[in-house]
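Take a look at the letters that make up each chain.
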Amino acid sequence: MEILIQQLFNGLTIGSVYSLVALGLTLVYGILHIPNFAHGALYMLGGYITLTMMTSAGLHYWLAIFVSILVVGLTGVLLERLVFHPLRHAPPIHDKIAAIGILLFLEAFAQFVWGADYQSMPTPYDKVINLFGITFTSQRLLIIVSAIAVMILLYLFLKKTFIGSTIIAMAQNREGANLVGINTNKVAMLTFMISGALAAIACSLAAPINLVFPGMGHLVILKAFVIIILGGMGSIPGAIVGGYILGFSESLGATYVSNDYKDIIAFVLLVIILSVKPTGLFAKEGR
Amino acid sequence: MKKVKLMFVVSLMLTLVFALAACNSSSSTNSSSGGGGSKDGNTVNVGFSGPLSGPAAFYGERTLNGLKMAAEEINKDGGFEVKGKKYKINVVSLDDKYLPNETGANAKRLIQEHKTPIIFTPHSGGVLALQVFNQQDNFIVGAYTSEPKVTESGNKLTVRIPPRYDGYIEPFSEYTMERFGKKIAALPTASQYGKDWTEKLLPHWEKAGGQVVYNSAIDFTKDTDFFTIVTNALKKKPDVLFIGGASEPTAKVAKQARELGFKGGFIIMDQAKLDEMKKVTGTYEALEGSIGVLPLVDTQNPGTDQFVKNYKAEHNEDPGSEAGLNYMAMNAFVEAMKAAGSVDDPKKIREAMDEGLKNIPEEKKVYVIPGIEEDGGFQSDLIVGAVEKGKIVPIEVE
């Protein structure tokens, strides 16, 4: 029983990180209509900036995260302006190539600036809490609580505010949104900003339990692709639910089936879900 | 429409240019007249193919640093003399991204363009790839890998620099079994190297009367979090954990095991270094009861202090054994060239290796390596250290 609860907690932790990454990916999908391959690199960049702010500028963890959100968010905007906006009338394959180019560029850039070695991010929340034989660390609790808070805020923003609904409108139909007077350029930039910010938050939260290195984006980005396919491309609840499904299937699969097959379990799940609902769990309506 | 197309082309090209420029800056910056000492008569090119980008780049860089430092010192002293001619060393490095096929392609390039008599490579896959053709193409493989297979195959032009890892198995198991108990859980890295280590260690552990309670590999390139797998391993109540891989992620595994309440000891694969692991865990206390390779900074050889000082001045970090051993190897090769009286005949150089190792000046002896085995392995003693009461102590091994 203790093991089950411990593993549910582990799944919840890792699922929260996956969900945050997938959310950023799914939002941008609404604009680009392709998965943004460079999202993993933005995630990595977020980790490095938080780390640099903490070690070089001596900022507190939260302040460093805030700076990181701004910087990565602005990098997202810059990417939209310099790369994806000029490509908006080009065939989708061009977007894909450009995204892969950005991914390669950012990884090489990180290695150039910060070096190739593993770095570890200190956290002020290093306490280990033992309750009824189950181990929580405060950083892990923080990941779960912050991720859920961010998700709720994002949901409220998209559903309850005017600007938020313009994002949804544009994801549903770019030309239609333009016709009713939405400034699609602004909305596209805003979406990239939010997507970058989500990547920065996810990485800054997850980095203390792992390490910061140029290739760290690969740890999550492939899984995030699986999640948005599983949840339905462009669907926000799909990204959240999908993230937790993958998190739980990994931790429980590793415990009750086999650690060596835990990735296979996740993919079998994907096959089953797509066989029943070929467009994903929460296929987007109105398109 | 034309404008859009133009902008697309320009932006794509810019991206490419930047990406390439950035890639380039990390790989070889060396350029020489080339041609193994023929053009200006004074340069010996020595090849290196290792990971200089991607997740293992830091490891490749550290091995390369050792080689380069040795070369710089030799050049600063005016080079070395063979048959009355002065030569300088030029290290030509190429990136193979840790991929054996790339190592092979790089080696071909090195021998064709730079006529390198020796090519260093710091991973077993690359070494095995080079051994396919090194005797035909006539170059020595400077193998920085503790994999015993590379010298067991009978390749006549291979030199294995570090001690073979199977030597560690007995002292490691003996120490931890005595200090902590008979139950072991194995959580090695999911590489070929990790698998080979595990396959040697676990049978030995069982033969010595121990019990293997859990065995599953961790893929450091795929797993974001190790809590799940460590929880499952600890469920079986092991006394000892076998962990390994690159130092930093290995240290994270150890740290998370402590967070989950593990009180036993760690057997640490020789790939991970205790001093590098300490940077992640903060103190040696979290690593109490670990046994592994003794960190270079804690060894007491004639040349160690000077080397550590020089390395720190240049790279701003403590050198690990990969830098130290490659430094030794480069010096040994140069001494061997002197003894052989040739800079371009790999067979003669290989035959003179034993003498070369003996001729290394005392102040350059970062490690004491008395000679070379018939099969090409350096005869170094195993240098083992353990963490006892928050401190590194050397462990004597016969």
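Each chain has its residues counted from 1, running along the sequence as written. Ligands are numbered from 1 and chains lettered from A, in the order in which they are written. Reporting of local features is limited, given that this is a predicted model, to residues whose pLDDT is at least 70; pairs of side-chain atoms are given and counted only at 80 or more, and all residues count toward the totals for whole chains, interfaces and linings.

**Student:** Mind showing me how you'd approach the overall build of chain A here?
**Tutor:** Secondary structure elements are defined from DSSP: runs of H or I of at least 4 residues count as helices, runs of E of at least 2 residues count as strands, and each element is numbered from the N terminus. In terms of helices and strands, chain A carries 11 helices and 2 strands. Ordered by position from N to C terminus, the α and β elements of chain A give α-α-α-α-β-β-α-α-α-α-α-α-α. The C-alpha radius of gyration of chain A comes to 19 Å, within 12% of the 19 Å expected for a compact globule of 287 residues. Principal-axis analysis of the C-alpha atoms places the extent of chain A at approximately 60 × 50 × 35 Å. As a rule, residues whose C-beta atom has 12 or fewer other C-beta atoms within 10 Å are exposed, those with 20 or more are buried, and those in between are partly exposed; C-beta atoms are placed from the backbone. Looking at chain A residue by residue over its 287 residues, the buried ones come to 54%. Residue pairs in contact within chain A that sit at least 24 positions apart in sequence constitute 75% of those at least 6 positions apart. Here the radius of gyration uses the C-alpha set of atoms, whereas the globule reference equals 2.2 Å times the residue count to the power 0.38. Any residue pair is listed as a contact if its two C-beta atoms, each placed from the backbone, are within 7 Å.

**Student:** What should I look at first to understand the overall build of chain B in this one?
**Tutor:** The secondary structure content of chain B amounts to 15 helices and 13 strands. Out of the 398 residues belonging to chain B, those deemed buried represent 54%.

**Student:** What exactly am I supposed to notice about the environment of Gly 30 of chain A here?
**Tutor:** All names here are of chain A. Relative to the elements of secondary structure, Gly 30 occurs in helix 1 (residues 2–32). The buried category is assigned to Gly 30, around which 24 C-beta atoms lie within 10 Å. A C-alpha to C-alpha distance of 35 Å links Gly 30 and Leu 59, two positions 29 residues apart in sequence. When residues no more than four places from it in sequence are discounted, the contact partners of Gly 30 are Met 170, Ala 171, Thr 191 and Gly 234.

**Student:** Explain helix 10 (residues 236–256) of chain A here, please?
**Tutor:** Count 3.6 residues to each turn of an α-helix, and residues three or four apart come out pointing the same way. By this rule, a helix spans an expected 1.5 Å times one less than how many residues it contains. In a regular helix each residue adds 1.5 Å, so 21 residues correspond to 30 Å; helix 10 of chain A covers 30 Å between its end C-alpha atoms and thus fits that length. Summarising burial for helix 10 of chain A: 16 of the 21 residues are buried, a large majority.

**Student:** Is there a simple way to explain the interface of chain B and chain A in this structure?
**Tutor:** Interface size is often expressed as the accessible area that is lost when the parts come together. On the side of chain A, 46 residues touch chain B, which itself brings 38 residues to the contact. When contributions to the side of chain B that touches chain A are tallied by element, the ones reaching two or more residues are helix 1 (2–26), helix 2 (57–76), helix 9 (227–235) and helix 10 (247–259) of chain B. Element by element, the count of residues in the side of chain B that touches chain A is highest for helix 1 of chain B, at 13 residues.

**Student:** For this particular structure, what's the right way to read the pairing of strand 13 (residues 391–395) of chain B?
**Tutor:** Where a strand is regular, its side chains alternate between the two sheet faces. Residue and element names in this part refer to chain B. Two strands qualify as a pair provided DSSP detects at least 2 bridges between them. Two elements, strand 12 (residues 384–388) and strand 13, share 5 bridges in a ladder whose sense is antiparallel. Considered in strand 13, the bridge of Gly 385 is made with Pro 394. Here strand 12 folds back onto strand 13 in antiparallel fashion, the turn holding 2 residues, of which Lys 389 has a positive phi close to 50°.

**Student:** In this structure, what is going on with the environment of Lys 85 of chain B? I would like to understand it.
**Tutor:** All names here are of chain B. Its place among the elements puts Lys 85 in strand 3 (residues 85–95). Residue Lys 85 is classed as exposed on the basis of its C-beta count, with 12 C-beta atoms lying within 10 Å. Linking Lys 85 and Asn 42, residues 43 residues apart in sequence, is a C-alpha distance of 7.7 Å.

**Student:** Sorry, what's going on with helix 10 of chain B here?
**Tutor:** All names here are of chain B. End to end, helix 10 covers 18 Å across 13 residues, agreeing with the expected 18 Å (1.5 Å per residue, within 8%). Extensive coverage of helix 10 is indicated by the burial of 12 of its 13 residues. Those residues of helix 10 that fall on the buried side of the exposure criterion are Ser 247, Glu 248, Pro 249, Thr 250, Ala 251, Lys 252, Val 253, Ala 254, Lys 255, Gln 256, Ala 257 and Glu 259. After helix 10 finishes, the residue Gly 261 shows a positive phi value of roughly 95°.

**Student:** Can you walk me through the sheet that holds strand 11 (residues 290–293) of chain B in this structure?
**Tutor:** Residue and element names in this part refer to chain B. Read across the sheet, 7 strands follow the order 8-7-9-10-11-12-13 without closing on themselves; strand pairing throughout is mixed. Bordering the open sheet on either side are strand 8 (211–215) and strand 13, each of which pairs with just one other strand. Neighbour-to-neighbour, the strand axes of this sheet turn through a mean angle of 25°, independent of strand direction. With 4 bridges connecting them, strand 7 (residues 183–187) and strand 9 (residues 240–243) associate as parallel partners. Counted as the bridge partner of Ala 185 is Leu 241 from strand 9. Only the stretch in contact is used when fitting a helix axis, every axis being a line fitted to C-alpha atoms; angles between N-to-C directions are given from 0 to 180 degrees. Sheet strands touched by helix 9: strand 7, strand 8 and strand 9. Its angle to strand 7, the strand with the most contacts, is close to 165°.

**Student:** Would you mind going over the confidence of the model for chain B with me for this structure?
**Tutor:** Residues and elements named next belong to chain B. Within a predicted model, pLDDT stands for the predictor's per-residue confidence, ranging from 0 to 100. Of all residues in chain B, 89% attain a pLDDT of 70 or more, and the chain-wide mean is 85. Summarising per-element confidence for chain B, the mean pLDDT is lowest in helix 1 (58) and highest in strand 4 (residues 118–121) (94). Per-residue pLDDT stays below 50 along residues 22–40; that stretch engages in 44 contacts with residues further than four places along the chain or on separate chains. Quick note on the complex model: pTM equals 0.82, ipTM equals 0.85.

**Student:** Just to check I follow, could you spell out the sheet that holds strand 1 (residues 43–50) of chain B for this structure?
**Tutor:** Whenever strands of a sheet pair, they do so through backbone hydrogen bonds, lying parallel or antiparallel. Residues and elements named next belong to chain B. Across the sheet, 6 strands lie side by side as 2-3-1-4-5-6; this open sheet has mixed pairing. Each edge of the open sheet is held by one strand with a lone partner, namely strand 2 (80–82) and strand 6 (158–160). Across the sheet, the axes of successive neighbouring strands diverge by a mean angle of 30°, strand direction being ignored. Note: strand 2 against strand 3, 3 bridges, orientation antiparallel. Opposite Glu 81, over in strand 3, you have Lys 86 as the bridge partner. Here helix 3 (residues 100–114) sits on the sheet and contacts strand 1, strand 3 and strand 4; the angle it forms with strand 1, its principal contact strand, is near 170°. Strands in contact with helix 13 (residues 321–340) are strand 2, strand 3, strand 4 and strand 5 (140–143); relative to strand 2, the strand with the most contacts, it is inclined by about 35°.

**Student:** Explain the UniProt feature "transmembrane region" (unreviewed entry) in chain A here, please?
**Tutor:** Residue and element names in this part refer to chain A. UniProt positions are given in the numbering used here, feature names are shortened, and annotations may be inferred rather than shown by experiment. Here, the residues flagged by UniProt with the feature "transmembrane region" (unreviewed entry) are residues 12–31, 61–84, 96–116, 128–158, 187–213, 220–244 and 264–283. Annotated as residues 96–116, this span is 90% helix and 0% strand, and its ends, taken at the C-alpha atoms, are 26 Å apart. The straight-line gap between the two end C-alpha atoms of residues 220–244 is 13 Å; of that span, 84% is helix and 0% is strand.

**Student:** What is the right way to look at the domain arrangement of chain B in this model?
**Tutor:** All names here are of chain B. Domain start and stop positions are those given by an automatic or database domain assignment. As far as domains go, chain B holds domain 1 (39–164 + 302–364) and domain 2 (166–269). Using only C-alpha atoms to locate each centre, domain 1 and domain 2 end up separated by 32 Å. At the interface, 8 residues of domain 1 touch 7 residues of domain 2. Classifying every residue of the side of domain 1 that touches domain 2 gives 4 nonpolar, 2 polar and 2 charged. In this count, Pro and Cys sit with the nonpolar residues alongside Ala, Val, Leu, Ile, Met, Phe, Trp and Tyr, while Asp, Glu, Lys and Arg are called charged and the others, Gly among them, polar.

**Student:** Could you clarify how one ought to interpret the environment of Asp 239 of chain B in this entry?
**Tutor:** All names here are of chain B. Relative to the assigned elements, Asp 239 resides in the loop between helix 9 and strand 9. By the C-beta count within 10 Å, which is 21 here, Asp 239 ends up buried. Through-space distance from the C-alpha of Asp 239 to that of Leu 64 is 38 Å; in sequence the pair is 175 residues apart. Setting aside residues up to four positions removed in sequence, Asp 239 forms contacts with Phe 180, Gly 181, Lys 182, Lys 183 and Gly 264.

**Student:** Before we go on, may I ask you to explain the packing of helix 2 (residues 39–55) of chain A against helix 9 (residues 217–231) of chain A in this structure?
**Tutor:** Between two packed helices, both the angle of their axes relative to each other and the distance between the axes serve to describe the pair. Residues and elements named next belong to chain A. Viewed as axis vectors pointing N to C, helix 2 and helix 9 meet at an angle of 140°, and their least axial separation amounts to 8 Å. With respect to helix 9, the axis of helix 2 lies oblique. Handedness of the crossing formed by helix 2 with helix 9: right-handed. Residues His 39, Gly 40, Ala 41, Tyr 43 and Met 44 of helix 2 touch helix 9, and the partners they reach there are Gly 217, His 218, Val 220, Ile 221 and Ala 224. Of the residues in the contact of helix 2 with helix 9, the class split is 6 nonpolar, 4 polar and no charged. Any angle that falls under 35 degrees is termed roughly parallel, while one over 145 is termed roughly antiparallel, one within 65 to 115 roughly perpendicular, and all others oblique. The sense of a crossing depends on the near helix, which, turned anticlockwise from the far helix by less than a right angle, makes the crossing left-handed and, turned clockwise, makes it right-handed.

**Student:** Looking at this model, I keep getting lost on unusual backbone geometry. Mind explaining?
**Tutor:** Comment: phi is negative for the bulk of residues other than glycine, and the bulk of peptide bonds are trans. Residue and element names in this part refer to chain B. Positive phi values are uncommon outside glycine, yet Asn 138 reaches one of about 65°. Looking at the secondary structure, you find Asn 138 in the loop between helix 5 (134–137) and strand 5. In this structure, Lys 389 is a non-glycine residue whose phi angle is positive, near 50°. Among the structural elements, Lys 389 can be located in the loop between strand 12 and strand 13. You can call Lys 389 exposed: it has 8 C-beta atoms within 10 Å.

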